[in-house]
Amino acid sequence: MAQFQEMMRQQLESSMDAELEKLVNTVTGADRDVCMNFKGFKNLFHRFLQVKGPSVEWIKIKRPPEDSIQPYDKIAARGLPDGVAASLNKLVVVKLNGGLGTSMGCKGPKSLISVRNENTFLDLTVQQIEHLNKTYNTDVPLVLMNSFNTDEDTKKILQKYTHHRVKIHTFNQSRYPRIHKESLLPVAANLSMTGQNADGWYPPGHGDIYASFYNSGLLDKLIAQGKEYIFVSNIDNLGATVDLHILHHLVSQPNGKRCEFVMEVTDKTRADVKGGTLIQYEGKLRLLEIAQVPKAHVDEFKSVSKFKIFNTNNLWISLTAIKRLQEQNAMDMEIIVNPKTLDGGLNVVQLETAVGAAIKCFDNAMGINVPRSRFLPVKTTSDLLLVMSNLYSLEAGSLTMSPKREFPTTPHVKLGSSFTKVQEYLTRFESIPDMLELDHLTVSGDVTFGKNVSLKGTVIIIANHGDRIDIPAGSMLENKIVSGNLRILDH
């Protein structure tokens with residue numbers, strides 16, 4: 001049986017190599033990037049065929065040792081030295097900028113969606129870094145990891161930052177071929193990105209950052225400039241600002257015990273049950289994602305009592321360590337098999353990796369349990385409502401919770417399908433309501449809000465099918481249920 005399986009595996013690899021060769025031959029003088037992509041893809045595909053069963057044995061999972069996840073307060077208690085500028089000059093900020101705004105009904109890169117006072121995610125990021133560089137007279141550059149989906153539009157917009165005090169570099173993550181679910185062969189007929197063929201390609205997850213960064217030549221260039229660490233985060237996480245205490249902790253460690261990788265984690269709530277968590281596995285700190293959990297243990301994984309923290313995807317990583325691991329071919333990340341159905345109904349598979357999964361490859365890796373405020377992702381218009389509201393104040397590109405709010409937690413907001421697309425969402429609010437005293441908001445159906453509405457406590461607004469509810473200007477709703485014909489009931 002094992003011999004037969006090995007024979008089948010070799011046959012699939014051989015067929016894949018032949019198909020990739022055909023793709024390369026569809027263009028004259030295939031460029032270096034495509035060849036690099038295929039080298040990385042072949043490696044991923046080879047590992048995909050080798051994998052047997054789950055990537056973790058549940059019985060081997062242990063809680064991380066106490067000292068491997070430090071509380072943020074302990075790191076911050078060390079204070080900051082006078083020479084913060086010297087530490088900042090060793091830092092590069094990297095934003096993961098491969099995603100489109102399709103889930104919010106927008107075309108083009110998600111980073112170009114306006115989120116606050118006409119500022120986009122990218123505007124806010126540039127303002128944050130420029131403020132650092134001006135305040136401390138430093139040269140912290142911004143690096144954007146684009147995908148083939150976002151590169152062209154992003155580069156066009158970068159011209160507007162020419163006179164800002166921040167150097168901006170870009171590199172592209174790989175372009176891999178989607179494969180048929182049944183035959184495990186590429187969908188694309190050639191290397192073009194047009195027509196039906198466009199569906200044949202995908203960016204292979206943010207775990208591709210290590211190889212793409214290295215292959216671009218930018219990694220070596222930054223090391224030559226004296227840069228030592230990158231701070232990596234998702235561009236849609238508005239809480240992921242440069243933290244001077246974490247940076248100081250990294251650069252001030254004794255050389256013999258240099259930490260090469262820090263993952264910011266934060267306490268799990270019931271809203272975060274699917275987030276990846278840190279475990280100890282075979283003596284190493286490791287990221288465990290829900291996709292790796294055997295079905296019988298999924299409820300246990302989601303438990304807030306057993307797995308108390310989750311990964312924010314804010315990561316601090318040594319540049320020289322990335323270079324070493326790439327050159328030793330020692331970057332080992334679990335493969336995420338992502339099934340998709342294309343518009344025409346074709347079932348395909350994408351092979352992806354996650355940037356945090358490489359934590360086990362680095363020396364002296366650790367987690368830092370940071371305040372929830374460092375995790376403020378904007379994935380939906382419900383999230384957008386929070387960051388546009390008076391819950392937050394904006395200064396130098398950074399959002400901070402208003403001191404007028406009595407609770408440190410954000411309200412739970414759930415907007416219905418009529419609010420999914422940004423353009424429609426914006427037409428439903430004449431102005432963003434006062435939400436300082438709001439705990440919970442649920443809105444469903446055809447609902448609009450007049451100017452200067454105030455929401456407090458628990459507010460539920462449900463317009464039945466065919467009905468419309470207009471919340472009048474100046475309304476104050478506190479612990480109210482508003483139904484079909486605008487009857488207002490105490491909740």
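Residues numbered from 1 in each chain as written. Predicted model: local features only at pLDDT ≥ 70, side-chain atom pairs only at ≥ 80, totals over all residues. Heavy atoms only, no water.

K.L.:
Any chance you could explain the pairing of strand β18 (residues 366-369) here in plain terms?
P.N.:
Successive residues of a regular strand alternate their side chains across the two faces of the sheet. Bridge count for strand β2 (residues 69-71) against β18 is 3 bridges, and the pairing is parallel. Considered in β18, the bridge of Q70 is made with I368. With 4 bridges connecting them, strand β12 (residues 261-267) and β18 associate as parallel partners. Bridge assignment links V262 to a residue of β18, and that residue is M366. (Pairing = 2+ DSSP bridges. Helix = DSSP H or I, 4+ residues; strand = E, 2+ residues; numbered from the N terminus.)

K.L.:
Would you mind going over the side chain of S318 with me for this structure?
P.N.:
Residue placement: S318 occurs in strand β15 (residues 309-318). Look at S318 and you get buried, because its relative accessible area is 6%. Polar side-chain contacts of S318 include one of 3.2 Å to the side chain of T320. The contacts of S318, once residues within four sequence positions are left out, are E228, Y229 and E260. (Buried < 20%, exposed > 50% of the residue type's maximum accessible area, 1.4 Å probe, protein only. Polar contact = N/O pair within 3.5 Å; in protein donor to acceptor, adjacent residues only side chain to side chain. Contact = heavy atoms within 4.5 Å.)

K.L.:
Sorry if this is basic, but what is going on with the sheet that holds strand β1 (residues 61-62) here?
P.N.:
Hydrogen bonds between backbone atoms are what pair the strands of a sheet, whose relative direction is either parallel or antiparallel. What the 3 strands build is an open sheet, ordered β1-β13-β14; its pairing is antiparallel. The open sheet has two edge strands with one neighbour each: β1 and β14 (284-288).

K.L.:
Help me understand the packing of aromatic side chains, please; the structure alone is not making it clear to me.
P.N.:
The geometry of two aromatic rings is summed up by the distance between their centres and the angle between their planes. Under the criterion given, the structure shown has 15 aromatic pairs. For the ring pair F41 and F45, a centre distance of 6.0 Å and an interplane angle of 20 degrees mean the geometry is stacked. A residue pair is termed a helical-turn pair when its members lie 3 or 4 positions apart in one helix, as F41 and F45 do in helix α2 (residues 32-50) at 4 residues. Residue class for F41 comes out buried when judged on its relative accessible area of 0%. For F45, a relative accessible area of 2% gives the class buried. Taken together, a centroid distance of 5.0 Å and an interplanar angle of 10 degrees make the contact between F171 and F213 stacked. Separated by 42 residues along the polypeptide, F171 in strand β7 (residues 168-172) and F213 in helix α7 (residues 209-216) bring together distant segments of the chain. Comparing F171 with F213, the two get one shared label, buried. Taken together, the ring pairs connect F41, F45, F48, Y176 and Y202 into an aromatic cluster. Here the basic side chain of R175 rests over the ring of W201, its NZ or CZ set 4.5 Å away from the ring centre. It is K268 that lies over the ring of F301; its NZ or CZ is 5.2 Å from the centre. (Phe/Tyr/Trp six-rings, centres within 6.5 Å; stacked < 30°, edge-to-face > 60°. Lys NZ or Arg CZ within 6 Å of the ring centre and 35° of its normal.)

K.L.:
Even after reading the chapter, I still don't get α7, so can you show me in this structure?
P.N.:
Buried within α7 we find I209, Y210, S212 and F213. Downstream of α7 by one or two residues, G217 has phi in the positive range, about 90 degrees.

K.L.:
Any chance you could explain unusual backbone geometry here in plain terms?
P.N.:
The phi torsion of most residues other than glycine is negative, and most of the peptide bonds are trans. One non-glycine residue, E118, lies in the positive phi region at around 70 degrees. Here E118 lies in the loop between β4 (114-116) and β5 (119-120). Even without glycine at this site, N137 takes up a positive phi of about 55 degrees. With relative accessibility at 57%, the residue N137 sits in the exposed group.

K.L.:
So what exactly am I meant to see when it comes to the packing of α7 against helix α11 (residues 319-327) here?
P.N.:
Geometry of a packed helix pair, given as the angle between the helix axes and the separation of the axes. For the pair α7 and α11, interaxial distance at closest approach is 10 Å and the crossing angle is 95 degrees. In terms of their interaxial angle, α7 and α11 are classed as roughly perpendicular. The residues of α11 that touch α7, namely those facing Y210, A211, F213 and Y214, are L319, I322, K323, Q326 and E327. (Axes fitted to C-alpha atoms, helices over the stretch in contact; angles between N-to-C directions. Parallel < 35°, antiparallel > 145°, perpendicular 65-115°, else oblique.)

K.L.:
For this particular structure, what's the right way to read the environment of R324?
P.N.:
In this fold, R324 is placed in helix α11. Note: C-alpha distance between R324 and F362 (38 residues apart in sequence) is 10.0 Å.

K.L.:
Just to check I follow, could you spell out the pattern of salt bridges for this structure?
P.N.:
Any two side chains of opposite charge can pair if their charged atoms end up close together. Taken as a whole and assessed by the stated rule, the structure comprises 24 salt bridges. The partner of D363 in a salt bridge is R324, with the nearest N and O atoms 3.8 Å apart. You can see D363 sitting in the loop between β17 (347-352) and β18 and its partner R324 sitting in helix α11, a full 39 residues away along the chain. Since its relative accessible area comes to 38%, D363 is described here as partly exposed. Residue classification places R324 among the partly exposed positions, given a relative accessible area of 27%. One salt bridge connects K360 with D332, and the closest N-O pair in it is separated by 3.4 Å. Here K360 is found in the loop between β17 and β18, whereas its partner D332 is found in the loop between α11 and β16 (336-341), with 28 residues between them in sequence. Judged by relative accessible area, D332 falls into the partly exposed class, the value being 37%. (Salt bridge = Lys/Arg side-chain N within 4 Å of Asp/Glu carboxyl O.)

K.L.:
I'm lost on the sheet that holds strand β9 (residues 179-180) in this one. Help?
P.N.:
Here 3 strands make up an open sheet; going across it, the order is β9-β17-β16 and the pairing antiparallel. Two strands bound the open sheet, and with one partner strand each, they are β9 and β16. In terms of strand pairing, β9 meets β17 through 2 bridges, oriented antiparallel. Looking at β17, one finds that H180 is bridged to V348.

K.L.:
Would you explain the environment of N329 in this entry?
P.N.:
Among the structural elements, N329 can be located in the loop between α11 and β16. A C-alpha to C-alpha distance of 9.7 Å links N329 and A211, two positions 118 residues apart in sequence.

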